[in-house]
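Tertiary structure, described
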Amino acid sequence: MTTRSETRTTLDHLLTEIEYRNPAQPEFHQAAHEVLETLAPVVAARPEYAEPGLIERLVEPERQVLFRVPWQDDKGRVHVNRGFRVEFNSALGPYKGGLRFHPSVNLGVIKFLGFEQIFKNALTGLGIGGGKGGSDFDPHGRSDAEVMRFCQSFMTELHRHIGEHTDVPAGDIGVGGREIGYLFGQYRRITNRWEAGVLTGKGQGWGGSLIRPEATGYGNVLFAAAMLRERGEDLEGQTAVVSGSGNVAIYTIEKLAALGANAVTCSDSSGYVVDEKGVDVELLKQVKEVERGRVDTYAERRGSSARFVPGGSVWDVPADLALPSATQNELDVNAAATLVRNGVKAVSEGANMPATPEAVHLLQQAGVAFGPGKAANAGGVAVSALEMAQNHARTSWTAAKVEEELADIMNNIHTTCHETAERYDAPGDYVTGANIAGFERVADAMLAQGVI
Ligand code: NDP
Ligand code: 2IT
């Protein structure tokens, strides 16, 4: 039997190999480190997981697609962006994961997101593999017509690689209902198929699921509530700092208010807003979703309770809870120290990998309940899988039914992570619990399906 320390040495070698084979992809290295560092106990306890090649296969995407995306702006100028789809692992079902349009996108970023997605999707308990895609296209300041032409060009290549049984993209940063509409239209035109289950996050009149827009934010609040419950507390009367002001942030703020808590901040890349009365989610939706504006406009319209702080760190605002909902590595070790100093009780990741490894370590050492993104923000992809189920059955469920399913899934994920952490001598460590529980499900399927 292999000991934990021998296993750790093997995993350390593998991490060195991953860095060597995937140069200049720091986000992918970070995500791989975070998972592999927690696997030693399970690999030592279950010899089948030490089978040569299993983890090596897990960290190598099954397929990576890179393509040129040329498009013309409103003045007729030609732009060339890069498109990506990383089909990471299909042991549990068709590749599933969002598309991100943001200038910071590169292969390493998409690989980190795709790798996280494997374990997140496994944790939902639904039949979905892991993938991610996107482009370095920047939608900020682009007209509707420009966004449409970009989406059409992007799908002109992407359509060859996706399908309801193959790979099912959805939204992520910079990709919401508008973009999914343009992408679906072009897919339908090229393929001449009404294949509703090829994309999720669709409009509600044409195959989209009720509650999909809300699902990630709502799910994260439910996960935070479950962590608090474990400590004999609830959300009632708690204040929260939320970063971001996009899809995930908005519905996080909405659900916090519905459950008696109060989000006092939101942010974007220009700075943050602190609103003493609590963020008015209807005003935020109007500014961000309808007008596609910035958070400083929210502060201007809100009146005396709110002020906009250009630049700065939203984590300086004291609160009981922190729900990072913008982007990776937005909460560093200094921010974590400030949160702890201000008495934070729980940090739950709406975004993917928003807390740096040093920040996670500090928060856990300080006894803060920490919900890692692959567990806490799994509600979005879970409801995407429910959208696929509805599409397959040519039916649509009520909002109440979808919300009930979402609540069950989030509570199950919480219980699974909690129990798995206890089983592997790491009580209260949701990072270890999520990584091991997700890994077990994917690894068992990979072992059963042979060396492919
Ligand atoms: P949106 O595009 O709707 O919103 C993104 C928000 O984050 C905006 O406020 C944006 O501000 C801010 N932001 C993005 N990049 C940066 C950056 N580099 N620095 C500072 N602020 C930034 O995206 P979502 O709300 O959908 O996604 C937010 C996070 O949640 C991402 O990490 C995503 O991967 C994750 N996620 C999303 C899911 C979904 O269903 N949509 C599901 C699970 C996780 P600005 O406009 O100024 O860039
Ligand atoms: O990071 C994520 O889980 C998402 N962006 C949602 C993916 C999906 O397929 O709904």
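The coordinates are above.
A short tour of the structure in this document, coming up. Note that the coordinates shown come from a computational prediction; the quantities given were computed from them, not determined experimentally.

Quick notes on the site of ligand 2
Ligand 2 sits among 14 residues. The nearest are Lys96, Lys120, Asp172, Arg212 and Ser384. Here an oxygen atom of ligand 2 sits 2.9 Å away from a polar atom, N or O, in the side chain of Gln117. With respect to ligand 2, the side chain of Lys120 contributes an N or O atom lying 2.8 Å from an oxygen atom. Notes on ligand 2: free accessible area 290 Å², of which the protein chains cover 94%.

Describing the environment of Gln186
On the secondary structure map, Gln186 appears in helix H7 (residues 177-191). Residue Gln186 is classed as buried on the basis of its relative accessible area of 12%. Residues Gln186 and Gln152 lie 34 residues apart in sequence; the distance between their C-alpha atoms is 5.6 Å. Leaving out residues up to four positions away in the same chain, Gln186 has contacts with Gln152, Met155 and Thr156.

As for the packing of helix H2 (residues 26-36) against helix H5 (residues 107-123)
Between H2 and H5, the least distance of the axes is 7 Å, while the angle of their chain directions is 25°. Here H2 lies roughly parallel to H5, going by the angle between them. Where H2 abuts H5, its residues Glu27, Phe28, Ala31, Ala32, Glu34, Val35 and Leu36 lie against Gly108, Val109, Lys111, Phe112, Phe115, Glu116 and Phe119.

Concerning the packing of aromatic side chains
Here the structure, examined in full by the defined rule, presents 17 aromatic pairs. On the numbers, 5.2 Å between centres and 90° between planes, the contact of Trp71 with Phe137 is edge-to-face. Remark: Phe137 occurs in the loop between strand E4 (129-135) and helix H6 (144-158) and Trp71 occurs in strand E1 (residues 63-72); sequence separation between them is 66 residues. When the centroid spacing of 5.4 Å and the interplanar angle of 35° are considered together, the rings of Phe184 and Trp206 count as tilted. Of the two residues, Phe184 is situated in helix H7 and Trp206 in the loop between H7 and helix H8 (212-230); the sequence distance between them amounts to 22 residues. Phe184 sits in the buried class, given a relative accessible area of 3%. Site record: aromatic cluster; members linked through ring pairs are Phe67, Trp71, Phe101, Phe137, Phe150 and Phe154. Directly above the aromatic system of Tyr218 lies the positively charged group of Lys255, at a separation of 4.6 Å from the ring centroid. Taking NZ or CZ as reference, Lys401 lies 4.5 Å from the ring centre of Trp397, over its face.

Parameters at a glance
Residues numbered from 1 in each chain as written. Chains lettered and ligands numbered in written order. Predicted model: local features only at pLDDT ≥ 70, side-chain atom pairs only at ≥ 80, totals over all residues. Heavy atoms only, no water. Near = heavy atom within 4 Å. Polar contact = N/O pair within 3.5 Å; in protein donor to acceptor, adjacent residues only side chain to side chain. Areas by Shrake-Rupley, 256 points an atom, 1.4 Å probe, with all protein chains shown as cover. Helix = DSSP H or I, 4+ residues; strand = E, 2+ residues; numbered from the N terminus. Buried < 20%, exposed > 50% of the residue type's maximum accessible area, 1.4 Å probe, protein only. Contact = heavy atoms within 4.5 Å. Axes fitted to C-alpha atoms, helices over the stretch in contact; angles between N-to-C directions. Parallel < 35°, antiparallel > 145°, perpendicular 65-115°, else oblique. Phe/Tyr/Trp six-rings, centres within 6.5 Å; stacked < 30°, edge-to-face > 60°. Lys NZ or Arg CZ within 6 Å of the ring centre and 35° of its normal.

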